Amino acid sequence: MSKQMPKAMDLFQAYKEGKMPESGGYIVSSFFSENSTYSIYEVIAYDNVKAIFAGETSLTFQADGHKIFVLVEPSNYPHKYQEPFTRSRDETIPQRFTELDIVIAKNQTKVMVSKNPVISYSSFTILKPTGVNFALIFYHQEDVLKSLEFFFTQTLNKEAGVPQSDTKKSARAVIEGLKKFKLWQD
């Protein structure tokens, strides 16, 4: 009886233990504000790994990667009319409002999800998380999109303050963005 792979695990622990899927996977990194529920998630689907290099505070992948962003903006965010790509360093994503699907929750929290992935053909770097932030690797298994949808339904509520009744719609927008990743032709 073979041991089944986990659905997800801490990215840096997986690297340290030699459990990185070189054939591809999904990396989810979070960047939470210390002062509010303002949150940024980066989701990278990758494949064609040539090498992975560890630095003191990062992992650099020589691989093809497709990245989408999820930005959670609380209703009291003072710069809500400022395009996301022009915001301060800790609050920015490289996209305009027109490049994002926007879900407005009943508490007026906005969940913004990339309509299309940003593509990296040579390499990308994942920073080691600090504080309550995390970086997870989701293994490419048959039900990976269901696992990611469940994950975003839970974390958008518990970590980012999106009302439970709105998390399903927001998580669905994330999955629609992930379906545009053309890494695996199932």
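Residues numbered from 1 in each chain as written. Predicted model: local features only at pLDDT ≥ 70, side-chain atom pairs only at ≥ 80, totals over all residues. Heavy atoms only, no water.

Engineer: Explanation requested: the layout of surface pockets in the structure shown.
Structural biologist: With a probe scaled to a water molecule rolled over the atoms, the places where space remains empty come into view. Approximately 870 Å³ is the volume found for the largest pocket. S30, F31, F32, D90 and N133 are the residues nearest the centre of the largest pocket, which is lined by 31 residues in total. Counting residues per element, the ones that place at least two in the lining of the largest pocket are β2 (25-32), β3 (39-54), β4 (58-73) and β8 (124-127). Element by element, the count of residues in the lining of the largest pocket is highest for β2, at 4 residues. Residues that form the lining of the largest pocket fall into these classes: 13 nonpolar, 11 polar and 7 charged. (1 Å grid on protein atoms, 1.4 Å probe; cavity = no way out; pocket = protein on both sides within 12 Å on 5 of 7 lines; lining within 4 Å. Points joined across faces, edges and corners; volume = space filled by probe spheres on them. Helix = DSSP H or I, 4+ residues; strand = E, 2+ residues; numbered from the N terminus. Nonpolar A, V, L, I, M, F, W, Y, C, P; charged D, E, K, R; others polar.)

Engineer: Would you explain the packing of aromatic side chains in this entry?
Structural biologist: When we look at a pair of aromatic rings, we describe it by the centre distance and by the angle of the planes. Taken as a whole and judged by the stated rule, the model has 11 aromatic pairs. Measuring from centroid to centroid gives 5.7 Å for F32 and Y41, while their planes differ by 85°, and the two rings are edge-to-face. Note on F61 and F124: the rings are 4.9 Å apart at their centroids and 10° apart in plane angle, and the pair reads as stacked. Here F61 is found in strand β4, whereas its partner F124 is found in strand β8, with 63 residues between them in sequence. For F61, a relative accessible area of 0% translates into the label buried. Connected via pairs of aromatic rings, a cluster forms that spans F32, Y41, F134, F138, F151 and F152. (Phe/Tyr/Trp six-rings, centres within 6.5 Å; stacked < 30°, edge-to-face > 60°. Buried < 20%, exposed > 50% of the residue type's maximum accessible area, 1.4 Å probe, protein only.)

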